[in-house]
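Residues per chain, in single letters:
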Amino acid sequence: MFNFASRDIAIDLGTANTVVYVKGRGIVLQEPSVVAMEILNGVRKVRAVGDDAKLMMGKTPENIKTIRPLRSGVIADLEVAEQMIKHFLSKAHGGGSRFSGSPEVVICVPSGSTSVERRAIRDAVSNAGAGKVSLIDEPMAAAIGAGLPVREPVGSMVVDIGGGTTEVGVISLQGLAYCESARVGGDKMDEAISSYVRRNYNLLIGEGTAERVKMEIGAARRGAGDDPIAHVRGRDVARGVPSEITLTQAQVAEAVAEPVSRIVHVVRSALEHTQPEIAADVLDEGITMTGGGSLLRDIAGVIADETGLPVRVSDDPLSCVALGAGMTLEDASYRGALVSV
């Protein structure tokens, strides 16, 4: 077993997924931010975390609850969040129950989070066993991870679409020249698909089913070619029995139109507030997209059409934020990107 003692760690604590980066090793863990809690005689006990807990979503008995302790990028349940972070840190450490050397942990936070929300994240990581805790804004971490020239006097724009938030950052000289955050992302798309199916087919589907449909045939707009389909199973509201329907990609695009429109609005708003000299650089360099939401088919094309700028999706959008946070541990020249609470 590799010895992680005194190895510093960077964590992208996302609403949907948590990614852990260990100094000198790179990304060692990427699992859903889900905890299954068993309630015995009024006492909550962790039953499963991450991949195992996600498999239980929507299928648990009354005494077990699956909880997502983060909502819109910030901690909604401090106790459960601490348990989840402790589990992930232990797993990254090689399964040990505690750390030796109290490593430094760099944690990513939404740029629009309040000082209270940032302190809650810092405290949760400290209570989970970390030594020193440093914070970095998600757009900055995403830009570093995507390989943008953040240390140069050149303006760059990054759009990070996560599960709970969309972060837009305009970056120059290792600082955020402008940032904007909106609480819309992959979760809102899943909710929109569930609502569409309920409204049009009178069928109740769970979070997992909506996410699967989004990943299989989801698109930001209707395509010109074939119209792929997905089979969707749920409970018929009127008859109270299981039922199955077929959704097309065009229907899913219609369902997610509202959250996609909100994401486009955030990007346009950030461009409107960008300084003219930086805007000129962005015109040359274009917009870089990161986060799981950037994998929605043709969302880059929609943003390109709405802004008139070239848009590219980073090579590894799911890991960009964690990689960027990890770079602050590997390369001292990036330490200036860290922020205080």
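Residues numbered from 1 in each chain as written. Predicted model: local features only at pLDDT ≥ 70, side-chain atom pairs only at ≥ 80, totals over all residues. Heavy atoms only, no water.

S.K.: Looking at this model, I keep getting lost on the sheet that holds strand β18 (residues 311-313). Mind explaining?
M.R.: Taken in spatial order, the five strands line up as β13-β12-β11-β17-β18 in an open sheet, and their pairing is mixed. Strands at the two margins of the open sheet, each flanked by one partner only, are β13 (175-182) and β18. Shown here is a sheet whose adjacent strand axes are inclined to one another by a mean of 20°, direction ignored. Here strand β11 (residues 156-161) runs beside strand β17 (residues 287-290); their pairing, made up of four bridges, is parallel. (Pairing = 2+ DSSP bridges. Helix = DSSP H or I, 4+ residues; strand = E, 2+ residues; numbered from the N terminus. Axes fitted to C-alpha atoms, helices over the stretch in contact; angles between N-to-C directions.)

S.K.: Please explain a nonpolar patch on the surface as it appears in this structure.
M.R.: Judged by side-chain polarity, L295, V313 and L318 come together as a nonpolar surface patch covering roughly 230 Å² of accessible area. In this fold, L318 is placed in the loop between β18 and α11 (320-330). Overall, the relative accessible area of 39% leaves L318 in the partly exposed class. (Patch = residues over 30% accessible without salt bridge, like charges linked within 9 Å, V, L, I, M, F, W, Y side chains within 5 Å. Areas by Shrake-Rupley, 256 points an atom, 1.4 Å probe, with all protein chains shown as cover. Salt bridge = Lys/Arg side-chain N within 4 Å of Asp/Glu carboxyl O. Buried < 20%, exposed > 50% of the residue type's maximum accessible area, 1.4 Å probe, protein only.)

S.K.: Explain the sheet that holds strand β3 (residues 26-32) to me, please; I cannot follow it from the model alone.
M.R.: What holds strands together in a sheet is hydrogen bonding between their backbones, with the strands either parallel or antiparallel. Read from one edge of the open sheet, six strands run β3-β2-β1-β9-β10-β19, paired in mixed fashion. Lying at the two open borders of the sheet, with one neighbouring strand each, are β3 and β19 (338-339). When strand β10 (residues 133-137) meets β19, the two strands line up antiparallel, connected through two bridges. Looking at the pairing, I136 lines up with L338 of β19. Each of β1 (9-13), β2 (17-22), β3, β9 (105-109), β10 and β19 is contacted by α11, which is oriented at about 155° to β1, the strand it contacts most. (Contact = heavy atoms within 4.5 Å.)

S.K.: Whenever I open this one, the pattern of salt bridges confuses me. Can you help?
M.R.: Summed over all chains, the structure comprises 19 salt bridges. For the salt bridge of D187 with R68, the shortest nitrogen-to-oxygen distance reads 3.1 Å. Here R68 lies in the loop between β6 (64-67) and β7 (70-71) and D187 lies in helix α5 (residues 186-201), a separation of 119 residues in the sequence. The residues D187 and R68 share a single accessibility class, namely buried.

S.K.: Any chance you could explain the pairing of strand β15 (residues 229-236) here in plain terms?
M.R.: On a regular strand, each side chain points to the face opposite its neighbour's, so the side chains alternate between the two faces of the sheet. Bridge count between strand β14 (residues 203-204) and β15: two bridges; the pairing is antiparallel. Bridging from a neighbouring strand, L203 pairs with D236 of β15. Alignment of β15 against strand β16 (residues 242-248), held across seven bridges, turns out to be antiparallel. What sits directly across from G234, in β16, is S243.

S.K.: Can you help me understand the packing of helix α8 (residues 257-272) against helix α10 (residues 299-307) in this one?
M.R.: The description of two packed helices rests on the angle between their axes and on the distance between the axes. In the contact formed by α8 and α10, the axes pass within 10 Å of each other and the chain directions differ by 45°. Regarding the angle of α8 to α10, the classification is oblique. At the point where α8 passes α10, the crossing takes the right-handed sense. Contact residues: α8 offers V260, I263, V264, V267, R268 and L271, while α10 offers I299, V302, I303, E306 and T307. Considering only residue class, the contact of α8 with α10 consists of eight nonpolar, one polar and two charged. (Parallel < 35°, antiparallel > 145°, perpendicular 65-115°, else oblique. Left-handed = near helix turned anticlockwise from the far one by under 90°. Nonpolar A, V, L, I, M, F, W, Y, C, P; charged D, E, K, R; others polar.)

S.K.: Can you help me understand the environment of T209 in this one?
M.R.: The residue T209 is located in helix α6 (residues 207-217) in this model. The residues contacting T209, other than those within four sequence positions of it, are V232 and R233.

S.K.: How do you make sense of the side chain of Q249 when you look at a structure like this?
M.R.: With respect to the helices and strands, Q249 occurs in helix α7 (residues 249-255). For Q249, the contacting residues outside a window of four places in its chain are I217, G218, A219, D226, D227, P228 and R297.

S.K.: Where do I start with the packing of helix α2 (residues 78-92) against helix α3 (residues 115-127) in this structure?
M.R.: Direction vectors running N to C along α2 and α3 enclose 50°, while the axes themselves pass 8 Å from each other. Comparing their axes, α3 and α2 come out oblique. As α2 packs across α3, the resulting crossing turns out to be right-handed. For the pair formed by α2 and α3, the contact residues are L78, E82, I85 and K86 on the first element and A120, A124, V125 and N127 on the second. Its residues assigned to classes, the contact of α2 with α3 comprises five nonpolar, one polar and two charged.

S.K.: When you look at the nonpolar core in this model, what are you seeing that I'm missing?
M.R.: The nonpolar side chains of a soluble globular protein tend to be buried, and buried together. With 41 residues, the main nonpolar core has I193, L247, I287, M289, I299 and I303 as its most contacted residues. Take this core: its biggest share by element is six residues, from α8. Residue contacts for I287: discarding those within four places in its chain leaves M157, V159, V267, V282, I303, T307, L309, P310, V311 and R312. Judged by nonpolar contacts, the second largest core, of 29 residues, contains V20, V80, F88 and I107. (Core = buried A, V, L, I, M, F, W, Y, C linked by side-chain atoms within 4.5 Å.)

S.K.: Where do I start with unusual backbone geometry in this structure?
M.R.: Excluding glycine, most residues fall at negative phi; most peptide bonds, likewise, are trans. The phi angle at Q174 is positive, at roughly 60°, despite the residue not being glycine. By the secondary structure assignment, Q174 is in the loop between β12 (166-172) and β13. Positive phi is not limited to glycine here, since D298 has a value of about 70°. As for its position among the elements, D298 is in the loop between β17 and α10. Looking at D298, the relative accessible area reads 38%, which means it is partly exposed.

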